[in-house]
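# Chain and residue survey
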Amino acid sequence: MHIFGPFAFLLAARALAQTTGMLGDAMVITNNPPGARYTAMFKGKGMNSTKGVVTAVSGKDGKGVSFTLMLQGLPKDGGPYSYHLHDRPVPTDGNCTGTMGHLDPYKRTQSPACNMTMPQTCEVGDLSGKHGKIVGPRESKSFVDWYAALVPDTGAFFGNRSIVVHYANSTRLACANFTMDMPMCMPGEDCEG
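Residues numbered from 1 in each chain as written. Predicted model: local features only at pLDDT ≥ 70, side-chain atom pairs only at ≥ 80, totals over all residues. Heavy atoms only, no water.

### Topic: the environment of proline 33
- Residue placement: proline 33 occurs in the loop between α1 (4-18) and β1 (37-43).
- Taking the C-alpha atoms as reference points, proline 33 and glycine 59, separated by 26 residues in sequence, lie 8.2 Å from one another. (Helix = DSSP H or I, 4+ residues; strand = E, 2+ residues; numbered from the N terminus.)

### Remarks on unusual backbone geometry
- Here the bond from serine 111 into proline 112 is cis, since omega is 0°, no more than 30 degrees from zero.
- Inspection of the secondary structure puts proline 112 in the loop between β4 (82-86) and α2 (127-131).
- Backbone torsion omega between glycine 136 and proline 137 reads 0°, so that peptide bond is classified as cis.
- Summarising the element assignment, proline 137 is placed in the loop between α2 and β5 (139-145).
- With phi around 70°, threonine 109 is a residue other than glycine that occupies positive phi space.

### Describing the packing of aromatic side chains
- Evaluation of the coordinates by the stated rule reveals six aromatic pairs.
- Plain terms: the ring middles of tyrosine 83 and phenylalanine 143 are 6.3 Å apart, the flat faces sit at 35° to each other, and that makes the pair tilted. Taken together, the positions of tyrosine 83 in strand β4 and phenylalanine 143 in strand β5 put the pair 60 residues apart, joining distant regions of the chain.
- Given a relative accessible area of 0%, tyrosine 83 falls into the buried group.
- Residue phenylalanine 143 is classed as buried on the basis of its relative accessible area, which comes to 10%.
- Counting every residue linked through ring pairs, the aromatic cluster contains Phe67, Tyr83, Phe143, Phe158 and Phe178.
- One cation-aromatic arrangement involves lysine 63 over tryptophan 146; the distance from NZ or CZ to the ring centre is 5.3 Å. (Phe/Tyr/Trp six-rings, centres within 6.5 Å; stacked < 30°, edge-to-face > 60°. Buried < 20%, exposed > 50% of the residue type's maximum accessible area, 1.4 Å probe, protein only. Lys NZ or Arg CZ within 6 Å of the ring centre and 35° of its normal.)

Structure, rendered in structure tokens:
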């Protein structure tokens, strides 16, 4: 009998169990206001030449958020780059450290790393863990995240928060605040006019 076989299985099972947050798995957001749209602009200040825009739009049916990232000026070395929704907006001094940690309403934490095949067990803010990293120096990426919210007063709401791009070693490279682009429409309202 191989003694390490059952032990290895138990360790693997325990590692999988640890990926769920203390408050459970992330819930699919189904009540995002139709027409809600937020953007975050990277302006490439000082030594940091990262420029671009991240757009977040709620689906017509209110389910999930469609993200589009268009970034340029990322360093040729230092990637692949991760990107996360962070808990706080960028402070007026522009210091990305002031954005605090990742948006994590289910108290999952970063360890173990996000498993892309089980996105409900990842931090809500770990967009690159769920949808792939950026290679750089110029990249466009689009995806739908089912767990981010554009509903104010919910834990997964990021409309008053920030997005941060990190070097491969987790150092913060660039950050930008989300701002609302157009008025949010409530279910049943005409959002086209």
